[in-house]
Amino acid sequence: QGQLVESGGGLVQAGGSLSVSCAVSGSFFSFNAMGWYRQAPGKQRELVASIQTDGGTNYAGSVKGRFTISRDNVKNMLYLQMNSLKPDDTAVYYCNAYPTILRINGRDYWGQGTQVTVSS
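Definitions and cut-offs
Residues numbered from 1 in each chain as written. Predicted model: local features only at pLDDT ≥ 70, side-chain atom pairs only at ≥ 80, totals over all residues. Heavy atoms only, no water. Pairing = 2+ DSSP bridges. Helix = DSSP H or I, 4+ residues; strand = E, 2+ residues; numbered from the N terminus. Axes fitted to C-alpha atoms, helices over the stretch in contact; angles between N-to-C directions. Salt bridge = Lys/Arg side-chain N within 4 Å of Asp/Glu carboxyl O. Buried < 20%, exposed > 50% of the residue type's maximum accessible area, 1.4 Å probe, protein only. Lys, Arg positive; Asp, Glu negative; His and termini not counted. Polar contact = N/O pair within 3.5 Å; in protein donor to acceptor, adjacent residues only side chain to side chain. Contact = heavy atoms within 4.5 Å. Disulfide = S-S within 2.5 Å. Core = buried A, V, L, I, M, F, W, Y, C linked by side-chain atoms within 4.5 Å.

Draft legend 1. Representation of the sheet that holds strand 4 (residues 33–39). Within the open sheet, the six strands sit side by side as 2-12-9-4-5-6. Their pairing is mixed. Two strands close off the open sheet at either side, each with one partner strand: strand 2 (10–13) and strand 6 (57–59). Here the average twist between neighbouring strands, direction ignored, is 25°. Pairing between strand 4 and strand 5 (residues 46–51): five bridges, direction antiparallel. Pairing of R38 across the sheet is with E46, part of strand 5.

What follows is the structure in structure tokens.
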């Protein structure tokens, strides 16, 4: 039974746009801040954007002005609209709680993520 399911990734040219989505199961969503994270090959997973339960947002400097995070607390959905994409945005994108990662059986839980590839 999936608890964090990302979708919407794909291949896009530099300068293009893409939107990714996250479906969250469980009762925690509406009571937690959430974030989009990404991990490029050979790099640490990094926080891209976060959103509070009241809708307040924060962004990594590298994506500020280009990405928009949003949430639907009724549908338990998290979204990331990505514009003006750059090759450096290429990564697997994950959703999760913020700032404390969801833990199951004593281990951090991550979904499968969705691959975003930006060609130059």
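Draft legend 2. Spotlight on unusual backbone geometry. Residue P99 follows Y98 across a cis peptide bond; omega there is -5°. Positive phi, normally seen in glycine, also occurs at N105, with a value near 55°. Following the sequence through the fold, N105 ends up in the loop between strand 10 (103–104) and strand 11 (107–108).

Draft legend 3. Molecular detail of the pattern of salt bridges. Summed over all chains, the structure comprises four salt bridges. A salt bridge links R66 to D89, with the nearest nitrogen and oxygen atoms 2.8 Å apart. Here R66, found in the loop between strand 6 and strand 7 (67–72), pairs with D89, found in the loop between strand 8 (77–82) and strand 9 (91–98); they are 23 residues apart in sequence, far enough to count as distant. For D89, a relative accessible area of 2% gives the class buried. The salt bridge involving R103 is made with D108; its shortest N-O contact spans 2.8 Å. Counted as one network, the salt bridges with shared partners bring together R38, E46, R66 and D89.

Draft legend 4. Highlighting the side chain of E6. Along the chain, E6 turns up in strand 1 (residues 4–7). One buried charged residue, E6, forms no salt bridge at all, with the nearest opposite charge on R45 at 7.2 Å. Engagement of the side chain of E6 in a polar contact is seen with the backbone nitrogen of C95, the distance being 3.0 Å. One polar contact links the side chain of E6 to the main-chain amide nitrogen of G113, over a distance of 2.9 Å. Sequence-distant contacts of E6, defined by excluding residues within four places in its chain, comprise S21, C22, W36, Y93, Y94, C95, G111, Q112, G113 and T114.

Draft legend 5. Structural detail: the state of the cysteines. One pass over the structure, following the stated rule, counts one disulfide. Two residues, C22 and C95, share a disulfide whose sulfurs are 1.8 Å apart. With the S-S bond torsion at 60°, the cross-link from C22 to C95 turns out right-handed. Highlighted residues: C22 in strand 3 (residues 18–24) and C95 in strand 9, separated in sequence by 73 residues. According to the relative accessible area criterion, C22 is buried, its value standing at 0%.

Draft legend 6. How the structure looks around the nonpolar core. Ranked by internal contacts, the top residues of the largest apolar core, which has 29 residues, are W36, L78, L80, M82 and Y93. Excluding residues that lie within four positions of it along the chain, L78 makes contacts with V20, S21, C22, F29, M34, G35, W36, I51, I69, S70, R71 and C95.

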